[in-house]
Amino acid sequence: MNGSTSSSVSTTPAAPTPACIDSSARILLLPIVSSLVWLVISSVLALIASVKLHSPTVLADSSWLTYGHTRPAANDAFVYGFASQAGLAVALWILCRLGRNTLVGGLPIAIGSIFWNLGVTFGLVGIFTGHTTGFDWLEFPKAGSFILLASYGVLGICALLNFRARQPGETYPSQWYILAALFWFPWLFTTARMLLVQFPVRGVMQLAVSGWFTNGLFTLWLTSLGLAVLLYFIPKISQAQLFSRSLALIAFWSLAVFGGWAGFYRGLPLPAWMISTGAAASVVLLVPMLATVANLWLTMGQGTPAKSGLLGYFKYSLIAFALCGVFAVFNAFIPQLRLTLFGEGVEQLFLYGFVGLALFGAIHYLAPRLTGQENDKFVCWSGMASTFGILLFAAAFLIGGILQQKRLIDGSVPFLDVMNKTKMFIRLSTLGVLLLVIGNILTLARVLLLVRACCQACCSSCCSESKPSVKLKPAGAAR
Amino acid sequence: MNHGPLIFLGILVTFVMSWWGLIFAPQMQIGVQQNASLVDGIYPRPRAGLAEQGHHVYVANGCVQCHSQQVRQESYTFDVVLTAPGTNNEIVIRALGKIAPGINAGAVAAAATDQKPQTILTNVPQGVADDAQARLKKAGATAKTLFIPLGVDIARGWGSRLTVAADYLYDQPVQVGHSRLGPDLANYGQRAPSTKLILEHLYDPRLTMDKSLMPAHRYLFETKPVGKKSSPDALALTGKFAPPAGHEVVPKPEALQLVAYLQSLRASTSLFEAPASPAPQP
């Protein structure tokens, strides 16, 4: 399997070298850098929201920055601006590397990415000006969503073309997840938008559609992207073969079959069978989780990790993934937890801990290779800041949520006291978000430094020679 | 598994299955739900114009980020009340004595009317309640079994029954919420204070509740110089909340719409699928 060992030379003589692939994929720096900009914006918005949660008088006179706007804006900027965009870029690169083909469709990818960013911008402005649709994770108003979907069409087709352009040979699990995710996202997004905004269904059916979409967005789209990254990078960095292909197969198909069924919790005014189905699915989803975690953990055990500090990102991401699976079961079976901070804690652990850390690690790995420059500045620091940030944030919300629930179910504690006693945990979480902001800025700074160095190298070689890319010493080959 | 088409087919089938199961099937089951016909009209009714506009203000400001609109019920119990003692007082008193030895049977039987039902049993399982009702019927009296929903939300006074599908029939978008950073609002209209107080709470929640964590929504209000006569809507603000001299704080139309919406929030009509608690707890 070519994907697990970077140095293994391709068997087909026609296949390009990894360095060649990397330099062909340089255009992916555009979605990566813009996704990191959204990441920083998202975390700054999350910081504002977090501060407002315990100090409601801060920035109280601005309608744009009220908590009801900043919270969803931060979430959407993370999911659509960062995770989806960076996930697509990393997925494209993984497809090229695994398929041993140079990147197909550089120009459409660049255009698609520009329009994607435009879509996210429109969507966020819509949220700030009060034009939200009012549904979780689908807040972007018409203009934003349409641009987003259209540009996704371009990016998705490019990704499929890249999958088609692969050299013959056995496919790798990452490719399955990416292929599935590429279809799941547009299906989920269009179905939900059609049924919620364009031709809205009536009454609580909206809850059914929105719960189905939220669950799909997390369990199918983001999980697939995250797992594709982990399945590719963990064996690669530990320098080992994937422990078991059959385990990966079981995990993939059990996720595909049961992934779409979770997401309804007790207490929602929906038919009881839907809620039972959701709870049962959240238990069955422990199967793909355990299979993947066991598979990758054993892979790590087999390998002899290189000195690269990147394995930590993927390891913690895997741990966060496992914890989220377990907490989802808690959420489904302890209904009182759902409306407390606990639910949001799990959500953020999933977004930053699992998807975020996996993508940060991937971006730190990709950036030097795509730019052909070396610079290890900030890798360690941003990793520490992100890991401790999410740890603090999630721990504060999870523990705070459990205590909040304990007081909430005690009818004798007035509601105001419940919230005021939870304040301490919210303050702690603000500290966590602050660390995340720092980590995100450092990540962006490192990638920008690499891009600048790359541009300078390009310029200087342009002046002296007509063919710049040949001169660049690709970092990927050196490792 | 090396073929793209195979993976594609697999994920298409699994995706359509979840769509079929969780969207198409429920749409057939509850998507065509109509208003319930009750003795005193239909439920629910569409919101009045101002309240409907207020719903959009509620959505636009993301109130749903902190406020849920759902009342949950954890269990239930039954009460039995006597509504008419019938004609044979002696047998009824004897029956009452057997059913509930603790009560003053004579006084209860004498006082029971349709308007003033007298409680005989509280907090009993359905079997006991049905049995008591049957015995009293045999004795010639009329008794009613009351369904009492129980739960933390109900104990907190956030509603007198659980919220069900019918309550959301006219909401677009439905704002059921995912977080309770603020209190539940499903029945806010029932416990809401006066319009003035809600407006003050929106202007700055610390005005009405010292320790409130709710953000101020001052941008829904306008501070403007007092004209010839002060506006009837102007908020009576004093101390540190007071506007500069010669100015007054007047709610914008959005604020008034939002208040109308909040006052319209009631999900307490007793329904077949969700009987309300007869006497809402304070």
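Residues numbered from 1 in each chain as written. Chains lettered and ligands numbered in written order. Predicted model: local features only at pLDDT ≥ 70, side-chain atom pairs only at ≥ 80, totals over all residues. Heavy atoms only, no water.

Colleague: Looking at this model, I keep getting lost on the overall build of chain B. Mind explaining?
Modeller: Looking only at helices and strands, chain B has 10 helices and seven strands in total. Relative to a compact globule of 282 residues, whose C-alpha radius of gyration would be 19 Å, chain B shows 26 Å and is clearly more extended. The 282 residues of chain B split such that 49% are buried. Residue pairs in contact within chain B that sit at least 24 positions apart in sequence constitute 74% of those at least 6 positions apart. Of the accessible surface of chain B, which amounts to about 13600 Å², a share of 59% is contributed by carbon and sulfur atoms. Charge separation in chain B, taken as the distance between the mean sites of 24 positive and 20 negative side-chain charges, equals 3 Å. (Helix = DSSP H or I, 4+ residues; strand = E, 2+ residues; numbered from the N terminus. Rg over C-alpha atoms; globule rule 2.2 N^0.38 Å. Buried < 20%, exposed > 50% of the residue type's maximum accessible area, 1.4 Å probe, protein only. Contact = heavy atoms within 4.5 Å. Areas by Shrake-Rupley, 256 points an atom, 1.4 Å probe, with all protein chains shown as cover. Lys, Arg positive; Asp, Glu negative; His and termini not counted. Charge placed at Lys NZ, Arg CZ, Asp CG, Glu CD.)

Colleague: For this particular structure, what's the right way to read the interface of chain B and chain A?
Modeller: Much of the literature gives interface size as the accessible area that the parts lose upon coming together. Tallying the contact residues gives 69 residues for chain B and 84 residues for chain A. Of the roughly 6500 Å² buried at the junction of chain B and chain A (both faces included), carbon and sulfur atoms supply 64%. Counting across the chain B and chain A interface gives two salt bridges. In this structure, lysine 211 of chain B engages aspartate 417 of chain A in a salt bridge whose closest nitrogen and oxygen atoms are separated by 3.3 Å. For the pair chain B and chain A, the number of links is 20 residue pairs in polar contact (both at pLDDT 80 or more). (Buried area = accessible area lost by both parts, 1.4 Å probe. Salt bridge = Lys/Arg side-chain N within 4 Å of Asp/Glu carboxyl O. Polar contact = N/O pair within 3.5 Å; in protein donor to acceptor, adjacent residues only side chain to side chain.)

Colleague: Just checking my understanding: could you explain the nonpolar core for this structure?
Modeller: As a rule of thumb, nonpolar side chains are buried together in soluble globular proteins. Counting 173 residues, the largest nonpolar core has Tyr80, Phe82, Trp93, Phe213, Phe233 and Leu270 of chain A as the members making the most contacts within it. Considering each element in turn, this core owes the most residues, 21 residues, to helix α7 (residues 205-238) of chain A. Once you skip the residues sitting within four places of it in the chain, phenylalanine 82 of chain A turns out to touch Ser35, Leu36, Trp38, Leu39, Ala77, Gly87, Gly356, Leu359, Phe360 and Ile363 of chain A. Core analysis: the second largest hydrophobic core is formed by 23 residues, Tyr58, Cys63, Leu202 and Leu265 of chain B among them. (Core = buried A, V, L, I, M, F, W, Y, C linked by side-chain atoms within 4.5 Å.)

Colleague: How do you make sense of helix α2 (residues 49-60) of chain B when you look at a structure like this?
Modeller: Three or four residues apart is the spacing at which side chains of an α-helix point the same way, because the helix has 3.6 residues per turn. Its 12 residues give α2 of chain B an end-to-end C-alpha distance of 17 Å, which sits within 8% of 16 Å, the value for a rise of 1.5 Å per residue. Where α2 of chain B is concerned, the buried positions are Ala51, Gly54, His55, Val57, Tyr58, Val59 and Ala60 of chain B. In this structure, the buried residues of α2 of chain B make contact with α3 (67-99) of chain A together with α10 (253-264) of chain B. Just downstream of α2 of chain B lies glycine 62 of chain B, where phi reads positive at about 65°. (Expected span 1.5 Å × (residues − 1).)

So yeah, pure geometry; function would need other evidence.
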